[in-house]
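Coordinate inspection notes
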Amino acid sequence: MARVDPNCEPVRVTAADLAAHLGRLCPGSAVDLAGAVALPCALPHADRWFEWLAADRHAGLEYLERDPTDRVEPTGKNPWANSVLVFAQRYTAGWPADDSAPVSGGPAGKPDDPPWTDRVARYARGLDYHDVLLKDIKTVLAGLQEAIGGLQAFASTDTGPYLEREYAWLAGLGFLGKNTCLIHEKLGSGLFLGVALTNLEIEGLTGNVPAAEPLYGVTARRRRPPKRVAASHCGSCTRCIEACPTGAIAPDGGLDAGSCISTWTIEWRGKTPADRRAEQGGILFGCDICQAVCPWNQRAAGNPGSPPVRGEYSPLPGHTEIKLADLLELNDDNFRKRFKRTPLWRCHPEGLRANADVVRDNVAQGGLP
Ligand code: B12
Ligand code: SF4
Ligand code: SF4
């Protein structure tokens, strides 16, 4: 896609026409959900973001400190943008209720060294979504550009300074769980998100009121649209809060990233705090516990009508055979060969070895089921 011309003119389209185009283009690119939010937009949970940052719950992650205002209002730096398109792609069809792997770091009753897939979060078992989803979004945008003359768009997934979950909720892709994940009632939360700033002026969007359904969905969220769209459908459930082994989820649904195994094993590259190593259990990379226990994900796993998940997110050939001992001794060259273009690339070889070290110690101390 060509670079955006910052002096581009707005292009008008109706929400109905845009929905028809997305309905034609998304299935061919395995994009499962797509919606839109008009800009500028006052985000209803912007305060949560600023309070989270001010309370130092961002685990010292420098990239989050860089553009705090852009994350809630991208038009400051991109005055040409009139809307944000939001896309979601599944990486798993839910978590079966009897799947103990992410909870214990290995299924109960199995030997001390379960396969690699039992220790690695589902999002990270195949190719890197930063490549796969971004390419798919760009294909959809190229199709939209053919259909809508003058459309300009800038796409990103994860790395852009935007509160992707908040935009996804407003665009009708799902609701916000106490575990902070964006949850679709039928597909669960095993979804990657991506966004594209565009110069589209979309007639018929609801402002900063969340849409009941996205403009395109591989499956509808519910049988009938509700009278009022809520931010959350967790009700009195607290399963994720109780299951989190590090107590990282607050009762109001916020998350302390500095206490999250996902941060320790991915972002801090194996620098799990010395006094908290036992809490990591048998988990090698990422953490799925607060999603695996969620009833919406367990229901999604039992939904036989779910369309297939993109094959690129399945474990790569040879990876399922990797054992803990292989990782403890993994040299930099082999790391490059095995994990290039996968999410594990982010934690560098020394990070993966350090994560394996923590698991080895926890297994040796016999604390795992
Ligand atoms: C920093 C980051 C992390 C940090 C902090 C996570 C966090 N909860 O804040 C760490 C390293 C811990 C992390 C972990 C994971 N991450 Co992450 N992460 C991000 C990143 C880059 C920024 C998130 C952020 O801004 N957090 C700040 C908080 C304040 O904002 P927020 O969580 O988005 O919540 C906002 C709203 O949703 C709302 N809100 C949040 N929760 C609730 C709850 C209620 C009840 C209400 C009313 C409102 C509300 O308020 C907030 C402000 O608007 C995003 C990509 C992006 N650009 O957005 C990916 C992203 C959130 N991560 C993602 C994934 C897949 C994961 C993991 C599942 C990976 C894994 N298996 O290990 C875990 C999940 C852990 C968890 N429960 O969140 C996906 C989530 C997809 C989804 N379905 O929600 C994203 C969107 C990446 C992507 N493009 O797909 N991540
Ligand atoms: S990802 Fe794991 S450690 Fe982080 S909040 Fe969820 S359950 Fe807790
Ligand atoms: S486990 Fe329960 S509280 Fe947590 S996100 Fe799922 S429904 Fe909400």
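Residues numbered from 1 in each chain as written. Chains lettered and ligands numbered in written order. Predicted model: local features only at pLDDT ≥ 70, side-chain atom pairs only at ≥ 80, totals over all residues.

**Some points on the overall build of the protein**
Where we set the bar: Under the scheme used here, helices are H or I runs from DSSP no shorter than 4 residues and strands are E runs no shorter than 2 residues, and both carry numbers assigned from the N terminus. The quantity called the radius of gyration is restricted to C-alpha atoms. Its globule counterpart is 2.2 Å times the number of residues to the power 0.38. A residue is called partly exposed when the number of other C-beta atoms within 10 Å of its own lies between 12 and 20, exposed at 12 or fewer, and buried at 20 or more, with C-beta atoms placed from the backbone.
Looking only at helices and strands, one finds 15 helices and nine strands in the protein. Its C-alpha atoms give the protein a radius of gyration of 21 Å, near enough to 21 Å, the size a compact globule of 369 residues would have. In terms of overall dimensions, the protein has C-alpha extents of about 60 × 45 × 45 Å along its principal axes. In the protein, which comprises 369 residues, the share counted as buried stands at 44%.

**Some points on the site of ligand 2**
Formally: By definition, a residue lies near a molecule or strand when the C-beta atom built from its backbone is within 6 Å of it. Residues are grouped as follows: Ala, Val, Leu, Ile, Met, Phe, Trp, Tyr, Cys and Pro are nonpolar; Asp, Glu, Lys and Arg are charged; every other residue, Gly included, is polar.
Ligand 2 sits among Asn179, Cys244, Thr246, Ala248, Ile249, Leu255, Cys260, Ile261, Ser262, Cys287, Ile289 and Cys290. Residue assignment for the shell around ligand 2 shows that the elements contributing at least two residues are helix H10 (261-267) and helix H11 (289-292). Classifying every residue of the shell around ligand 2 by side-chain character gives nine nonpolar, three polar and no charged.

**With respect to unusual backbone geometry**
In the segment running from Leu39 into Pro40, the intervening peptide bond is cis, with an omega of -5 degrees. Positive phi outside glycine occurs at Thr180, with the angle close to 75 degrees. If you check the backbone angles, Arg341 has positive phi at about 70 degrees while not being a glycine. Its location among the elements puts Arg341 in the loop between helix H14 (332-339) and helix H15 (348-364).

**Quick notes on the confidence of the model for the protein**
The condition that has to hold: Values of pLDDT, the confidence the predictor places in each residue, fall between 0 and 100. Any residue pair is listed as a contact if its two C-beta atoms, each placed from the backbone, are within 7 Å.
Taken residue by residue, the protein gives an average pLDDT of 92. The fraction at 70 or more is 95%. Between residues 104-109, whose pLDDT stays under 50, and residues either more than four places distant or in other chains, the model counts 23 contacts.

**Overview of the pairing of strand S8 (residues 200-203)**
Within a regular strand, side chains alternate between the sheet's two faces. Note the following rule: Here, strands pair whenever DSSP counts at least two bridges between them.
Across the two faces of S8 the burial differs, with Leu200 and Ile202 buried and Glu201 and Glu203 not buried at all. Relative to S8, strand S1 (residues 11-14) runs parallel, the two sharing four bridges. From the neighbouring strand, Val13 faces S8, where its bridge partner is Ile202.

**Comments concerning the environment of Ala248**
Inspection of the secondary structure assignment puts Ala248 in the loop between helix H9 (239-243) and H10. Judged by the 25 C-beta atoms lying within 10 Å of it, Ala248 is buried. Those residues within four positions of Ala248 in sequence are excluded, and the remaining contacts are Leu255, Asp256, Ser259 and Cys260.

**Re the nonpolar core**
To keep it simple, the criterion reads: The nonpolar core is taken to be a set of buried Ala, Val, Leu, Ile, Met, Phe, Trp, Tyr and Cys residues joined by way of C-beta atoms within 7 Å.
Judged by nonpolar contacts, the single largest core of 97 residues is most densely connected at Ala34, Ala36, Val37, Val84 and Val86. At eight residues, the largest contribution of residues to this core is made by helix H7 (residues 129-147). Contact partners of Ala36, with chain neighbours within four places excluded, come to Leu18, Ser83, Val84, Leu85, Val86, Ala171, Ile202, Leu205 and Leu215.

**What about the sheet that holds strand S7 (residues 191-198)?**
We apply this condition: Each axis is a line fitted through C-alpha atoms, and for a helix only the stretch in contact is used; angles between axes span 0 to 180 degrees, taken between their N-to-C directions.
Pairing is antiparallel across the open sheet formed by five strands, whose spatial order is S4-S7-S3-S2-S9. Among the strands making up the open sheet, the edge pair consists of strand S4 (153-156) and strand S9 (216-217). Here strand S2 (residues 33-38) runs beside strand S3 (residues 83-90); their pairing, made up of six bridges, is antiparallel. Its bridge partner lying in S3, Ala36 is registered against Leu85. The strands touched by H7 are S3, S4 and S7; relative to S7, the strand with the most contacts, the crossing angle is about 45 degrees.

**Section: the site of ligand 3**
Every residue near ligand 3 is listed here: Gly177, Lys178, Asn179, Cys234, Cys237, Thr238, Arg239, Cys240, Val293, Cys294, Pro295 and Trp296. At the level of secondary structure, the elements contributing two or more residues to the shell around ligand 3 comprise H9 and helix H12 (295-301). Partitioned by chemical class, the residues of the shell around ligand 3 number seven nonpolar, three polar and two charged.

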